[in-house]
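Residue strings, one per chain:
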Amino acid sequence: MEKIIPAKERLLKSEKKWKDGELRGKILVTICAVIMISATISITIFLGTKGLQSFIKNGVSLIEFLTSTQWNPTNKANPEYGAFPFIFGSFAVTFLSAIVAAPLGIGGAIFMTEIAPSWGRKILQPVIELLVGIPSVVYGFIGLTVLVPFIREHVGGLGFSLLSGVIVLSIMILPTITTIATDAMSSLPKNLREGSYALGATRWQTIRKVLIPAALPSLLTAVVLGMARAFGEALAVQMVIGNVRDLPSNLLDASATLTTIITLNMGHTTYGSVENNTLWSMGLILLVMSFVFILLIRYLSSRRKM
Amino acid sequence: MKSKTADRIATGVFIAIAIIIISILVGLFSFILVNGLKHVSFDFLTTPSSNVRAGGGIRDQLFNSFYVLFITMLIAIPLGLGGAIYMAEYAKPGKITDIIRSCIEVLASLPSIVIGMFGLLMFVNLTGWGYSILGGALALTIINLPSIVRVGEDAIRSVPRDLKEASLALGITKWHTIKTVILPTAFPSILTGVILAAGRVFGEAAALLFTAGLSTPRLDYTNWNPFSDQSPLNIFRPAETLAVHIWSVNTQGLIPDVEEISSGSAAVLVISVLLFNLLARWIGSLIHKKITATK
């Protein structure tokens, strides 16, 4: 005999089950959101405290760390912790590669949106996507086997140089800049172009006087994002830059960046030693710089809205 | 007249830039494939690597790469989707939503080496696991999470309103609607995004240096017990992935055939990433056809 449950009970029961699921679902996705917040906060806190230890616990002078050019942490009698050459190296490769990659990337974007919108995009878009797909170690490896010997033979110096790092990084950040610049250029309203052409301006005048100024905040955002990527890139640069502790005097000198020093020395130093702690301080600089880049981008995008 | 010549020069410069970009890619790819593929053989893919002698392969590194990717996705997809559902369906505009958005932005812009350092602190030292696959996967999860959340949120938001409202109008609760209507509809574009993210994870190295380590224990592929030290499935063993392998043989390697091994590995790596991209594209166009076709 079949047991008959009155409709009211069935409905009530199922409603209860659904309500449970409703709450459980909401809790579940909220937990996921909380995990994201806590990951970000804990990264900041953990790296912050660890990075400050060399100043607080080990008594390394902050001024010396940021400005001195003498890096000699293994010297027993008189260890020196001047990280300025690496800070300088990081900024140098970042700015120089932005200077190389920005015109190329923005030029590529203008080519795709203004010069040859129909077929240019069809060719360049996949090219840019494929460039994004190449892993950074592969860039480093090609830099090491092709670029470094080339510079050694045809330009001069050891080959391991600031110049090699800049070239490798420029190619790496090129897709970032091009993609965002393309979005910025193609989202410009059509009547800007038409108005300019109607006044009898040539294409170049339209691009230079109308389109670039209109898209400028977005174009700068593209360059800043590229710089953020260049500042944090580690392995590809490490393979070609030479990693010396001295300040480079020209482009052909070997050099080092914060990321390359961290990459190379983290495994060789004892955890908790002063030298190791200074590496964490350099990591903190990287963290702070990525916050600076975010603020810069926010500032630029607030200008865009106006 | 003068502005016309300037226009022509500028056009020429832009075309030159486009040609430069294309030739960079063609140069890179032909170099990687031409130099790499001649070293890739069945033997290369199936023999273990050697630290001192020539002729080693990349068997373990290849397996590690896929295994780390698998574990990463196992953690990152549910977490990222949960976050995406929260952002698209539950978050109300306000301070907390802003904070979550900023957090995603921060996570997305952190250099991978910084996340590697955090992983070293958290998953290697604090938990006492040492260099492990799980630590590497967790670090990669942090790197990957922002893109999965973004892709997921976009996909969920682009589900037509009618679908959602029809379901709600039938008296079905929100969570049930999300589970049975919204997620299945958004699934295709989420899948495409996840495959693209997987391609990026596959080539990541800087974060793994400090979390999954630079070594692989002698693996025994007949040992399927996930708790045994020699088992490839053990998630608490150190694991050198393909990308890390390229870096380590080039910078600290003692093997004489560094160039052969790294160009072969680079070719395998680039081809794998390419396959991930093609797969994502193929699935995307398949779905596009299905949606646009009149059934």
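The rules we used
Residues numbered from 1 in each chain as written. Chains lettered and ligands numbered in written order. Predicted model: local features only at pLDDT ≥ 70, side-chain atom pairs only at ≥ 80, totals over all residues. Heavy atoms only, no water. Helix = DSSP H or I, 4+ residues; strand = E, 2+ residues; numbered from the N terminus. Rg over C-alpha atoms; globule rule 2.2 N^0.38 Å. Contact = heavy atoms within 4.5 Å. Areas by Shrake-Rupley, 256 points an atom, 1.4 Å probe, with all protein chains shown as cover. Lys, Arg positive; Asp, Glu negative; His and termini not counted. Charge placed at Lys NZ, Arg CZ, Asp CG, Glu CD. Buried < 20%, exposed > 50% of the residue type's maximum accessible area, 1.4 Å probe, protein only. Buried area = accessible area lost by both parts, 1.4 Å probe. Salt bridge = Lys/Arg side-chain N within 4 Å of Asp/Glu carboxyl O. Polar contact = N/O pair within 3.5 Å; in protein donor to acceptor, adjacent residues only side chain to side chain. Core = buried A, V, L, I, M, F, W, Y, C linked by side-chain atoms within 4.5 Å. pLDDT = per-residue confidence, 0-100. Phe/Tyr/Trp six-rings, centres within 6.5 Å; stacked < 30°, edge-to-face > 60°. Patch = residues over 30% accessible without salt bridge, like charges linked within 9 Å, V, L, I, M, F, W, Y side chains within 5 Å. Axes fitted to C-alpha atoms, helices over the stretch in contact; angles between N-to-C directions. Parallel < 35°, antiparallel > 145°, perpendicular 65-115°, else oblique. Left-handed = near helix turned anticlockwise from the far one by under 90°.

(A) Region of interest: the overall build of chain A. Per the secondary structure count, chain A includes 11 helices and two strands. The helix and strand sequence of chain A, counted from the amino end, reads α-α-β-β-α-α-α-α-α-α-α-α-α. In terms of overall dimensions, chain A is more spread out than a globule: its C-alpha atoms have a radius of gyration of 26 Å, far above the 19 Å expected for 306 residues. Across its three principal axes, chain A shows a C-alpha extent of roughly 90 × 70 × 40 Å. For chain A, restricting intrachain contacts to residue pairs at least 6 apart in sequence, the fraction spanning at least 24 positions comes to 67%. As displayed, chain A has an accessible area near 14,500 Å², and 66% of this comes from carbon and sulfur atoms. In chain A, 26 side chains carry a positive charge and 16 a negative one; their mean positions are 8 Å apart.

(B) Structural context of the overall build of chain B. When helices and strands are tallied, chain B shows 11 helices and zero strands. Going from N to C terminus, chain B has its helices and strands arranged as α-α-α-α-α-α-α-α-α-α-α. The principal-axis extents of the C-alpha atoms in chain B amount to approximately 75 × 70 × 45 Å. For chain B, with 295 residues in total, the buried portion stands at 52%. Residue pairs in contact within chain B that sit at least 24 positions apart in sequence constitute 74% of those at least 6 positions apart. Looking at charge distribution, chain B has the averaged site of its 22 positive side-chain charges lying 10 Å from that of its 17 negative ones.

(C) A look at the interface of chain B and chain A. Of the residues lining the interface, 76 residues belong to chain B; the matching set on chain A comes to 71 residues. Summing both sides of the interface, chain B and chain A together bury roughly 6,700 Å²; the carbon and sulfur share of this comes to 83%. Ranking the residues of chain B by area buried against chain A places B:Phe14, B:Ile21 and B:Met117 at the top, with a combined share of 10%. Between chain B and chain A we count two salt bridges in total. For the salt bridge of A:Arg298 with B:Glu105, the shortest nitrogen-to-oxygen distance reads 2.6 Å. The tally of links between chain B and chain A comes to 11 residue pairs in polar contact (both at pLDDT 80 or more).

(D) Focus on the environment of B:Ser189. Residues and elements named next belong to chain B. By secondary structure assignment, the location of Ser189 is in helix α8 (residues 174-203). Its relative accessible area of 37% is what places Ser189 among the partly exposed residues. With sequence-adjacent residues up to four places away left out, Ser189 is seen in contact with Val151 and Ala155.

(E) Broad picture of the nonpolar core. Formed by 184 residues in total, the largest nonpolar core has its most connected members in A:Val138, A:Tyr139 and A:Met282. Every residue in contact with A:Tyr139, bar those within four places of it in the chain, is listed here: A:Leu131, A:Ile134, A:Val168, A:Ile171, A:Met172, A:Ala236 and B:Leu28.

(F) The arrangement of unusual backbone geometry in detail. Unusually for a residue other than glycine, A:Asn243 sits at a positive phi of about 55°. With respect to the helices and strands, A:Asn243 occurs in the loop between α9 (235-241) and α10 (258-265).

(G) Representation of the confidence of the model for chain B within the structure. When pLDDT is averaged across chain B, the result is 87; 97% of the residues are at 70 or more. Per-residue pLDDT, averaged within each element of chain B, yields its smallest value for helix α2 (residues 42-46) of chain B (83) and its largest for helix α6 (residues 133-157) of chain B (92).

(H) Layout of the packing of aromatic side chains. Inspection of the entire model under this criterion finds 15 aromatic pairs over all chains. Measuring from centroid to centroid gives 6.0 Å for A:Phe46 and B:Phe118, while their planes differ by 80°, and the two rings are edge-to-face. Here B:Phe118 lies in helix α5 (residues 112-126) and A:Phe46 lies in helix α1 (residues 7-56), a pairing that spans two chains. Accessibility expressed as a relative area gives 3% for B:Phe118, which makes it buried. Judged by centre distance (4.8 Å) and plane angle (50°), the rings of B:Phe66 and B:Phe202 are tilted. Of this pair, B:Phe66 sits in helix α3 (residues 59-90) while B:Phe202 sits in helix α8, and the two are 136 residues apart along the sequence.

(I) View of the environment of A:Leu174. Its location among the elements puts A:Leu174 in helix α6 (residues 162-186). Given the relative accessible area of 1%, A:Leu174 is considered buried. A sequence separation of 109 residues divides A:Leu174 from A:Gly283, and the C-alpha atoms of the two residues are 25 Å apart. Every residue in contact with A:Leu174, bar those within four places of it in the chain, is listed here: A:Ala101, A:Leu104, A:Gly105, B:Ile21 and B:Ile24.

(J) Spatial organisation of a nonpolar patch on the surface. Where nonpolar side chains cluster on the molecular surface, the patch consists of A:Leu23, A:Ile27, A:Ile31 and A:Ile35 and spans about 350 Å² of accessible area. By the secondary structure assignment, A:Leu23 is in helix α1.

(K) The arrangement of the packing of α6(A) against helix α8 (residues 203-232) of chain A in detail. Residues and elements named next belong to chain A. Their axes nearest at 8 Å, the elements α6 and α8 cross at an angle of 150°. In terms of axis orientation, α6 runs roughly antiparallel to α8. As for how α6 packs across α8, the hand of that crossing is right-handed. Where α6 approaches α8, its residues Leu169, Met172, Ile173, Thr176, Ile177, Ile180, Ala181, Ala184 and Met185 are matched on the opposing element by Leu211, Ala215, Ser218, Leu219, Ala222, Val223, Leu225, Gly226, Arg229 and Ala230.

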